[in-house]
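Each chain, written out:
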Amino acid sequence: MKKKTDNLLLAREELLNEIEEIKLSLATAHSNFDNACDPDLVDSCIYEMNAIQYKYKYLLKQMRKMESLTG
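Residues numbered from 1 in each chain as written. Predicted model: local features only at pLDDT ≥ 70, side-chain atom pairs only at ≥ 80, totals over all residues. Heavy atoms only, no water.

A. Just the overall build of the protein, in detail. Looking only at helices and strands, one finds two helices and zero strands in the protein. The C-alpha atoms of the protein give a radius of gyration of 16 Å, which is well past the 11 Å a tight globule of 71 residues would have. Counting over 71 residues, the protein shows a buried share of 17%. The long-range fraction of contacts in the protein, counting pairs at least 24 apart against all pairs at least 6 apart in sequence, stands at 66%. Only carbon and sulfur atoms are counted for the fraction: they give 56% of the accessible area of the protein, which is about 5,600 Å². For the protein, the separation between the mean place of its 10 positive charges and that of its 12 negative charges on side chains is 15 Å. (Helix = DSSP H or I, 4+ residues; strand = E, 2+ residues; numbered from the N terminus. Rg over C-alpha atoms; globule rule 2.2 N^0.38 Å. Buried < 20%, exposed > 50% of the residue type's maximum accessible area, 1.4 Å probe, protein only. Contact = heavy atoms within 4.5 Å. Areas by Shrake-Rupley, 256 points an atom, 1.4 Å probe, with all protein chains shown as cover. Lys, Arg positive; Asp, Glu negative; His and termini not counted. Charge placed at Lys NZ, Arg CZ, Asp CG, Glu CD.)

Here it is as structure tokens:
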């Protein structure tokens, strides 16, 4: 049982780290958007921000699932 708990704690920690990295990526993408002048670059930034937001949403769902397993 201890091994399962250890594995869950490790997976949770990794997920939290990935969520923090995504937050930084989103902040960078917003900064790039704010500084973009070319219309094609603006579009690129918008696509990047949307992709990052979808990944963030996915990671949050994974965290909720994990939290429901650990009670």
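Read on, since the account is not over.
B. Examining helix α1 (residues 2-35) more closely. If you check α1, its first and last C-alpha atoms are 50 Å apart, about what 34 residues at 1.5 Å a residue would give, namely 50 Å. Along α1, the positions that sit buried rather than exposed are L15, I19, I22, L26 and A29. The secondary structure elements touched by the buried residues of α1 are α2 (39-70). (Expected span 1.5 Å × (residues − 1).)

C. How the structure looks around a positive patch on the surface. A surface patch of positive charge is lined by K57, K61, R64 and K65. Along the chain, the position of K61 falls in helix α2. On the basis of relative accessibility, which here comes to 43%, the residue K61 falls in the partly exposed class. (Patch = residues over 30% accessible without salt bridge, like charges linked within 9 Å, V, L, I, M, F, W, Y side chains within 5 Å. Salt bridge = Lys/Arg side-chain N within 4 Å of Asp/Glu carboxyl O.)

D. Quick peek at the pattern of salt bridges. Taken as a whole and assessed by the stated rule, the structure comprises three salt bridges. In this structure, E20 engages K23 in a salt bridge whose closest nitrogen and oxygen atoms are separated by 3.4 Å. Separated by three residues within a single helix, E20 and K23 lie in helix α1, roughly one turn from each other.

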